[in-house]
Amino acid sequence: MTWLSITIAGILTYFTRMTMIALVRRDLLGEKIKAVLAYVPSAVFPAIIFPAIFINDYGTYIEMNDPKIFGALVAIIVGYFSRNVIATIFSGLLSYWIIIFVFLS
Amino acid sequence: MLSKKQLFSRGMLDIAPHMLSVIPFGIICGAIGVDLGFNPYLVYAMSIIIFGGASQIVFLQLLSGGASSLVAVTSVGVINSRHLLYGAVLSEYLEKLSFIKKLLISYVVVDQGFAESNKFFKKNKTEQYLHYHLLGTGITMWVCWQIATLAGIILGSFVPEELGLKFAIPLTFIAIVVQDLKKLDHVIVMLVCGISSLLFFEAPFKSYILISPVIALFVAALLLRLKK
């Protein structure tokens, strides 16, 4: 039963990937839609970022002094100026670790 | 004009930094599946059949929490529906490919790969073999994801949970969008999306991940109209 569910979930997932690439002709999308699509990264990724920072494992909002907020702010500042993915991720993790291991332990 | 091989390597290079968060996340994914009591083969098969980080964890957590298969499958479908938007963006650059190639390349379209290849495509529209960049990002993600989830399944969560490495996931995506903070319209769209995702977090089937981009794109359309 679980195998069947996984297979169906996999097929569904594949369809979400394939539909727009293989089945929809680009000409169907007008210039206006193309202009809106330029915002896709900005319109999608915050839906992954915000809950991962502001909502904890138990589905409740975190406190304003949560170390993840500080880590995210450091990552944003470092990322903005360095334009470097590794520096962004690492600075965020490092500042998060410094707070949880040095200040909160 | 870059060769196929050069474009492929460029894709690999562009996606490589994201492995800093993808690999720990893959290990966690594999370990969680086994921890929840699922057959290790089944947990690993998901990495091939579904190949979608967060949706794999959600699927197993829902099932082990007693949810019906229908709910679990629907949630995976909803979470992964964001790929429709990636496909719509990428289709412009993949138009010239044959139908079969389109079917094949679709399998490796994932968040970070889409983001990095899309950035590259925007700057190099005239390249003939652009899709090799997407293959470079996608295949690198695929290989690392397989190895990482497998490692998590076999070795268990050897990454200590206290390290909080799940936090690397939002950081990866911050790295992807952070340069767009220079543009006010993008900042507005990001805030609308982020705040909506918190407001709709409790919506059924994890649909916040679909609802918030739709709201944000609607706002983007309004902003475009205002700009004119």
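Residues numbered from 1 in each chain as written. Chains lettered and ligands numbered in written order. Predicted model: local features only at pLDDT ≥ 70, side-chain atom pairs only at ≥ 80, totals over all residues.

S.K.: What exactly am I supposed to notice about the overall build of chain B here?
M.R.: Per the secondary structure count, chain B includes twelve helices and zero strands. Secondary structure elements of chain B occur, N-terminal to C-terminal, as α-α-α-α-α-α-α-α-α-α-α-α. Taking 228 residues into account, the globule formula puts the C-alpha radius of gyration at 17 Å, and chain B, at 18 Å, falls close to it. Along the first, second and third principal axes, the C-alpha set of chain B runs to 55 × 45 × 35 Å. Here chain B holds 228 residues, and 53% of them are scored as buried. (Helix = DSSP H or I, 4+ residues; strand = E, 2+ residues; numbered from the N terminus. Rg over C-alpha atoms; globule rule 2.2 N^0.38 Å. Buried ≥ 20, exposed ≤ 12 C-beta atoms within 10 Å, placed from the backbone.)

S.K.: Sorry, what's going on with the overall build of chain A here?
M.R.: When you go through chain A residue by residue, the secondary structure sums to six helices and zero strands. Secondary structure of chain A in N-to-C order comes out as α-α-α-α-α-α. Computed over its C-alpha atoms, the radius of gyration of chain A comes to 20 Å, more than 25% above the 13 Å expected for a compact globule of 105 residues. Out of the 105 residues belonging to chain A, those deemed buried represent 41%. Restricting to contacts in chain A with at least 6 residues of sequence separation, those with at least 24 account for 26%. (Contact = placed C-beta atoms within 7 Å.)

S.K.: Got a minute to help me understand the interface of chain A and chain B in this structure?
M.R.: It is common to give the size of an interface as the accessible area that goes away when the parts come together. Contact with chain A, which involves 58 residues of that partner, is made by 74 residues of chain B. At the level of elements, α1 (2-23), α2 (31-37), α3 (40-44), α4 (46-54), α5 (67-82) and α6 (85-103) of chain A are the ones that each hand at least two residues to the side of chain A that touches chain B.

S.K.: What's the story with the environment of Thr88 of chain A in this structure? I'm lost.
M.R.: Residue position: Thr88 of chain A is located in helix α6. With twelve residues separating them in the primary sequence, Thr88 of chain A and Ile76 of chain A have C-alpha atoms 7.0 Å apart. With sequence-adjacent residues up to four places away left out, Thr88 of chain A is seen in contact with Ala75, Val78, Gly79 and Ser82 of chain A together with Leu171, Ile174, Ala175 and Val178 of chain B.

S.K.: Hey, could you run me through the packing of helix α2 (residues 19-35) of chain B against helix α4 (residues 53-64) of chain B in this one?
M.R.: For any two helices packed against each other, one specifies the crossing angle of their axes together with the interaxial distance. Residue and element names in this part refer to chain B. Contact pair α2 / α4: the axes reach a minimum separation of 10 Å and the direction vectors enclose 15°. The angle between the axes of α2 and α4 places the two elements in the roughly parallel class. For the crossing formed where α2 meets α4, the hand is left-handed. The segment α2 lies against α4, with Phe25, Cys29, Ile32 and Gly33 engaging Gly53, Gln56, Ile57 and Leu60. Its residues placed into classes, the contact of α2 with α4 shows five nonpolar, three polar and no charged. (Axes fitted to C-alpha atoms, helices over the stretch in contact; angles between N-to-C directions. Parallel < 35°, antiparallel > 145°, perpendicular 65-115°, else oblique. Left-handed = near helix turned anticlockwise from the far one by under 90°. Nonpolar A, V, L, I, M, F, W, Y, C, P; charged D, E, K, R; others polar.)

S.K.: It is not clear to me how the domain arrangement of chain B should be interpreted in this structure. Could you clarify?
M.R.: Residue and element names in this part refer to chain B. Domain boundaries assigned for chain B yield domain 1 (4-172) and domain 2 (183-228). Opposite the eight residues of domain 1 that make contact, domain 2 presents six residues. Of all the secondary structure elements, the ones that give two or more residues to the side of domain 1 that touches domain 2 are α5 (69-80) and α6 (82-94). Among the elements that make up the side of domain 1 that touches domain 2, the one with the highest residue count is α5 (four residues). Of the residues that constitute the side of domain 1 that touches domain 2, the class distribution is four nonpolar, three polar and one charged. (Domains from an automatic or database assignment.)

S.K.: Would you explain unusual backbone geometry in this entry?
M.R.: For residues besides glycine, phi is generally negative; the peptide bonds are generally trans as well. Residues and elements named next belong to chain B. For Phe205, which is not a glycine, the phi torsion comes out positive at approximately 55°. Located in the positive-phi region is Lys206, a residue other than glycine, with phi close to 55°. Take Lys206: it is sitting in the loop between α11 (184-199) and α12 (208-227). Taking the number of C-beta atoms within 10 Å as the measure of exposure, Lys206 has 22 and is therefore buried.

S.K.: Got a minute to help me understand the domain arrangement of chain A in this structure?
M.R.: Per the domain assignment, the segments of chain A are domain 1 (1-30) and domain 2 (39-103). Relative placement of domain 1 of chain A and domain 2 of chain A: their C-alpha centres are 31 Å apart.

S.K.: Where do I start with α1 of chain A in this structure?
M.R.: Given a rise of 1.5 Å per residue, 22 residues ought to cover 32 Å, and the 29 Å separating the end C-alpha atoms of α1 of chain A matches this to within 8%. Arg17 of chain A marks where α1 of chain A bends most, by close to 35°. Along α1 of chain A, the positions that sit buried rather than exposed are Ile6, Ala9, Gly10, Thr13, Tyr14, Thr16, Arg17, Met18, Met20, Ile21 and Ala22 of chain A. Along its buried surface, α1 of chain A packs onto α3 (40-49), α4, α5, α6 and α7 (99-106) of chain B. (Expected span 1.5 Å × (residues − 1). Bend = angle between axes of the 7 residues up to and from the residue.)

S.K.: What exactly am I supposed to notice about α4 of chain B here?
M.R.: A turn of α-helix holds 3.6 residues, and therefore any two residues three or four places apart point the same way. With twelve residues, α4 of chain B extends 17 Å between its outermost C-alpha atoms, agreeing within 8% with the 16 Å of an ideal straight helix rising 1.5 Å per residue. Within the span of α4 of chain B, buried status applies to Gly53, Ser55, Gln56, Phe59, Leu60, Leu62 and Leu63 of chain B. Buried positions along α4 of chain B lie against α1 of chain A together with α2, α3 and α5 of chain B. A positive backbone phi angle near 95° is found at Gly66 of chain B, which sits one or two residues after α4 of chain B.

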